[in-house]
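# Understanding the architecture of this molecule
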Amino acid sequence: MTQIYIRVRTEEQAAALAKVLKNEWDGSSEVFALCPVKSDPQTADLLKKAGARVFADLPFIARENTSGELLEDMKRASWAEGYVVKNIDELGILKEQGYEGGVIGDSFLYAYNSEAAGFYREHFPGIRMMASDELTDAELERLPGGSRMIYKAYGRARVMLTAQSLVANYGEQGEAAKLRSAKNDRFISLDEDYGYTSVLTESPVSMPEAVSDGRWENVMADLTCEDRGESEKVIRAMLGKGELPSGIKGHHHKGID
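Thresholds, definitions, all that
- Residues numbered from 1 in each chain as written.
- Predicted model: local features only at pLDDT ≥ 70, side-chain atom pairs only at ≥ 80, totals over all residues.
- Heavy atoms only, no water.
- Core = buried A, V, L, I, M, F, W, Y, C linked by side-chain atoms within 4.5 Å.
- Buried < 20%, exposed > 50% of the residue type's maximum accessible area, 1.4 Å probe, protein only.
- Helix = DSSP H or I, 4+ residues; strand = E, 2+ residues; numbered from the N terminus.
- Contact = heavy atoms within 4.5 Å.
- Pairing = 2+ DSSP bridges.
- Axes fitted to C-alpha atoms, helices over the stretch in contact; angles between N-to-C directions.
- Arc of directions from axis to C-beta.
- Salt bridge = Lys/Arg side-chain N within 4 Å of Asp/Glu carboxyl O.
- Phe/Tyr/Trp six-rings, centres within 6.5 Å; stacked < 30°, edge-to-face > 60°.
- Lys NZ or Arg CZ within 6 Å of the ring centre and 35° of its normal.

Core analysis: the largest hydrophobic core is formed by 62 residues, its most contacted members being Ile 6, Leu 47 and Met 238. The element contributing the most residues to this core is helix α1 (residues 11-24), with 6 residues. Setting aside residues up to four positions removed in sequence, Ile 6 forms contacts with Leu 17, Phe 32, Ala 33, Leu 34, Ala 221, Leu 223, Ile 235 and Met 238. In terms of nonpolar packing, the next biggest core, distinct from the first, is built from 9 residues, Tyr 5, Val 84, Ile 150 and Met 220 among them.

Our next topic: the sheet that holds strand β2 (residues 30-36). Strand order in the open sheet formed by 9 strands is β6-β5-β4-β3-β2-β1-β13-β7-β12, and the pairing between neighbours is mixed. Edge positions in the sheet fall to β6 (128-129) and β12 (205-206), since each of these pairs with one other strand and no more. Relative to strand β13 (residues 218-222), helix α9 (residues 228-238) is tilted by about 175 degrees, and along the sheet it contacts β1 (3-7), β7 (150-155) and β13.

In this section: helix α5 (residues 114-123). Along an α-helix, residues three or four apart share an orientation, since each turn contains 3.6 residues. Three or more residues of α5 are buried, namely Ala 116, Ala 117 and Tyr 120. Projected down its long axis, α5 carries its buried residues within an arc of 100 degrees, all on one side. Residues of α5 that are exposed and angled more than 90 degrees away from the buried face: Glu 115 and Glu 122. In the core, the buried residues of α5 are packed alongside α4 (88-96) and β6.

Mapped onto the fold, Asp 73 is located in helix α3 (residues 67-76). With relative accessibility at 5%, the residue Asp 73 sits in the buried group.

Looking now at the pattern of salt bridges. Counted under the stated rule, the structure contains 20 salt bridges. In this structure, Arg 7 and Asp 222 form a salt bridge, with 3.3 Å as the shortest nitrogen-oxygen distance. Remark: Asp 222 occurs in strand β13 and Arg 7 occurs in strand β1; sequence separation between them is 215 residues. Grouping residues by exposure puts Arg 7 and Asp 222 together as buried. In this structure, the salt-bridge partner of Glu 69 is Lys 38, at a minimum N-O distance of 2.8 Å. Note that Glu 69 is positioned in helix α3 and Lys 38 in the loop between β2 and α2 (41-49), a separation of 31 residues in sequence. Using a relative accessible area of 36% as the deciding quantity, one classes Lys 38 as partly exposed. One network of salt bridges, with partners in common, ties together Arg 7, Arg 9, Asp 57, Lys 86, Asp 106, Arg 158, Glu 192 and Asp 222.

Of all 5 residues in β13, 5 are buried, a share of seventy percent or more. Taking every second residue as pointing to the same face, both faces of β13 are buried, with Asn 218, Met 220 and Asp 222 on one and Val 219 and Ala 221 on the other. Summarising the sheet, β1 and β13 pair through 5 bridges and their orientation is parallel. What sits directly across from Ile 4, in β13, is Val 219. When β7 meets β13, the two strands line up parallel, connected through 5 bridges. For Tyr 154, the partnering residue across the bridge sits in β13 and is Ala 221.

What follows is about the packing of aromatic side chains. One pass over the full model with this rule turns up 6 aromatic pairs. Ring geometry for Phe 32 against Phe 55: centres 5.8 Å apart, planes inclined by 55 degrees, an arrangement best described as tilted. One end of the pair, Phe 32, is in strand β2; the other, Phe 55, is in strand β3 (residues 53-57), and 23 residues separate them in sequence. As far as the burial class goes, Phe 32 and Phe 55 line up, both buried. Summarising the aromatic geometry, the rings of Phe 119 and Tyr 120 are spaced 5.5 Å apart at their centres and angled 70 degrees between planes, so their arrangement reads as edge-to-face. By way of ring pairs, the aromatic residues Tyr 5, Phe 32 and Phe 55 are connected into one cluster. Sitting over the ring of Phe 60, Lys 86 keeps its end group 4.7 Å from the ring centre. Here the basic side chain of Lys 95 rests over the ring of Phe 124, its NZ or CZ set 5.6 Å away from the ring centre.

Here it is as structure tokens:
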């Protein structure tokens, strides 16, 4: 059975996912909702009632000065079937606690070869891995189990994390800050939980063929600044009921120059 992973950042996106699952999902695929670890339990319940398996999405950075806050949030996330882990520090926290539940390894963990993937599975045998953003399709297919990794079919690429609030410095309240590089490439920044900011490509990576051709067993959409209507469109496309919005191809297409 195909597994579809939808990462949501806001309650509005979570509501869009619940709505589409309730009204349009035929149950032929297994759907995972990846929600921020700080999410309200009612949001998780809404998604569960719609048929999704719900995981708590941990932050991209686990700093020492926010570790106590993170541990408390993880304890409160009793609504979660498991955790989405983005760095070694978070894996260490789970290991120290003797955690044996579900774990999804984010692409930030860089499972770029069989030895790296094997290291994570040694400590968490049932871990599901997201494909590294740096590998091409051909490189992924050469990895043992590469075709079973979670392949990001849609989502803006995170190019930088910073402790500065670029939104506060350059954006308007409640909006993403829009940035340009020296080459006139366009980026946006979003303030995240735990005091850091993500800088992302303005155009999303969009790989509709990853959803339609059956080449990848597990596919993901990473929602960031999409509103409810945009989120519903992406989710429908992930369920095979429409086309993903157009965007850039990302590193999976041609790799890094």
